[in-house]
Amino acid sequence: MRWTALRRPARRGPPPIEKGEDHVDTDPQAPAAGRPLPVPRLDAGLRLYGEYQGGGFTEPRYLARRGDGQVVQLSRLLHLVASSMDGARDTEAIARRVSARFGREVSADNIRHLVEHKLRPMGLTAAEDGDDRIREAPRLDPLLALAARRTLLTEPRVARIARALAWLHRPPVVAAVLLAALALDVWLFGSYGAMGPVLRVLDRPLLLLAVLGLTLGSLLFHEFGHASACVYGGAEPGRIGFGLYLLWPSLYTDVTDVYRIGRVGRLRTDLGGVYFNVVFMLGLGGAYALTGRQVFLAAILVAHLEILEQLMPAVRLDGYYILGDLAGVPDLFGKIKPILLGMLPGRPVGPEVADLKRSARVVVTGWVLTMVPLLLGELGYVLWNLPRILHTALRSLAEQVAGTGAAFAAARIPDGVVGVVGILMLLCPLAGGAYLAARIGRLLIASAVRAMRGTGRRRAPRAAVRPKPAPAAPPVPSIPSDLADPSGAGGTAHPWRPL
């Protein structure tokens, strides 16, 4: 079975005030004089991560994580409002505190407007009736995200093991591991070539199963590389689990907490999985030195292929997050649409791209122009050859089932087990393809329904008498808030940062 180890922000002031989006109107239903002012409260389980350090944005971004795991981007003003809400201060006290920190006057009416029309729709504040549950909080369901997640190891167990392995990330240990791995590769490829040990085990089912078991162990150890690097950087890892990524079952580690530490810590976490693959290869080299079994050399060569696959930035593998953290942009897939639209003649650059620093924009644009044609080409090839692929897969599945049954009937247990593995390798892409097709169909139907509803609203008759607008309060600048993918999360939202 092919398992893919996934993976799982001197500043300038606020942007200029634009009429409409950043103006805050006085609420006509604001409390009258003498009535107690409302006391807004943050949602249960909300964690404010602070500024996204090392970001590639011209203006600072702040991150918050809801109780359901969704990560949200906030402007500086919204972050100040949220960080001033302790469940005891009313809107007037919050306004005084925010004004002192923001450097501009913010009224209690402004605070109430921001809470009701910005923070609460994002699921960051509790309802006024005291119900702490998130009500219709927005969530994004990106297509290229991990699906059907199940827990393999709980957070406390992962944390204990990660703390025990964190010493492997000390710089002297890292240097020694890399030098030893270089020496191992020089000896291995110089003595046996690129595929010699692998070819020697292909015709021996028992050895093939041993290589498969060692590969699965390497993938699990890979995940502890992310978790231990997360601990070493000062963040807390979450659970380790598995799910379905595109067509294959995949392992993942919840390391969303790394978004509250600096860029160096995030990059260490991104590279921690590949680094632990290298550590695992050294262990396999030691096992070969003790036993002389070439099955360990075959597992080392397979681990090299795993590392190369992980470093590809096309989909949400380690390379995707490495590139995103180097650029300071946690949602590369969310930038594809605005960058492509901004390249059309006569189209202005969208705000999603205009707020990027020049260096970040160059990196993200280069990634879009490279990866989008590659992904579209692969998708087109699969769709063009889909009938032949399905016919071949079904025929191979029938032959595999017949051969596996014959092997078990003849008491050739290793051959039968290898046959079961082959059947699973054929069933996984078929099941994953069907699931992916269903998701694409559901997204297309939902988009069509939203488009029809939007057309209906635009055609609604205008009111004969336009109500008189309430007097406006002093305008308060606010960067539009956004869901953040640090994914699983497109768009920019995912409950985990799968690595």
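Residues numbered from 1 in each chain as written. Predicted model: local features only at pLDDT ≥ 70, side-chain atom pairs only at ≥ 80, totals over all residues. Heavy atoms only, no water.

1. Let's talk about the side chain of Ser-99
Let me state the cut-off plainly: Only DSSP runs of H or I reaching four residues or more are called helices, and only runs of E reaching two or more are called strands; each is numbered from the N terminus. Burial here depends on accessible area, computed with a 1.4 Å probe over protein chains only, as a share of the maximum for the residue type. Under 20% is buried, over 50% is exposed, and the range in between is partly exposed. Contacts described as polar in this section are N or O atom pairs within 3.5 Å, which, within protein, must combine one atom able to donate a hydrogen with one able to accept it, while residues neighboring in sequence count only if both atoms come from side chains. Here, residues are in contact when the closest pair of their heavy atoms is within 4.5 Å.
On the secondary structure map, Ser-99 appears in helix α2 (residues 91-102). The buried category is assigned to Ser-99, whose relative accessible area is 13%. From its side chain, Ser-99 meets the backbone nitrogen of Val-106 in a polar contact 2.8 Å long. Here Ser-99 is in contact with Arg-104, Glu-105 and Val-106, once residues within four sequence places are set aside.

2. Here's the deal with the UniProt feature "transmembrane region" (unreviewed entry) in the protein
What counts here: UniProt positions are given in the numbering used here, feature names are shortened, and annotations may be inferred rather than shown by experiment.
In this numbering, the UniProt entry assigns the feature "transmembrane region" (unreviewed entry) to residues 173-194, 206-222, 229-251, 271-290, 362-384 and 417-438. Taken end to end, residues 206-222 comprises 100% helix and 0% strand; its first and last C-alpha atoms sit 24 Å apart. The straight-line gap between the two end C-alpha atoms of residues 362-384 is 33 Å; of that span, 100% is helix and 0% is strand.

3. Remarks on the environment of Ile-336
Tracing the backbone shows Ile-336 in helix α11 (residues 336-342). For Ile-336, a relative accessible area of 16% corresponds to the buried category. Between the C-alpha atom of Ile-336 and that of Val-372, which follows or precedes it by 36 residues, the distance is 8.1 Å. Non-local contacts of Ile-336, meaning those with residues more than four positions away in its chain, are made with Trp-367, Val-368 and Val-372.

4. A closer look at the pattern of salt bridges
Counted only if it meets this: Salt bridge, as used here, is a side-chain nitrogen of Lys or Arg placed within 4 Å of a carboxyl oxygen of Asp or Glu.
Scanning all chains against the criterion turns up seven salt bridges. A salt bridge links Glu-116 to Arg-112; the shortest N-O distance between them is 3.0 Å. Here Glu-116 and its partner Arg-112 are both found in helix α3 (residues 108-119), four residues apart, which amounts to about one turn of the helix. For Arg-260, the salt bridge is made with Asp-257, and the minimal N-O distance between the two is 2.8 Å. Assessed through its relative accessible area of 28%, Arg-260 is described here as partly exposed. Three or more residues are tied together by salt bridges with common partners; here these are Arg-47, Asp-257 and Arg-260.

5. Points about a nonpolar patch on the surface
Test applied: Residues forming no salt bridge and having over 30% relative accessible area are the ones grouped into patches, like charges within 9 Å of each other and nonpolar side chains (Val, Leu, Ile, Met, Phe, Trp, Tyr) within 5 Å. Here the open area of atoms and residues is found with the Shrake-Rupley method and a 1.4 Å probe, where only the protein chains shown may cover a residue.
A surface patch of nonpolar side chains, amounting to about 730 Å² of accessible area, comprises Leu-376, Leu-379, Tyr-381, Val-382, Leu-383, Leu-386, Ile-389 and Leu-390. When residues of the nonpolar patch are traced back to their parent elements, those giving at least two are α13 (358-384) and α14 (386-409). No other element matches α13, which puts five residues into the nonpolar patch. Mapped onto the secondary structure, Leu-379 falls in helix α13. Since its relative accessible area comes to 46%, Leu-379 is described here as partly exposed.

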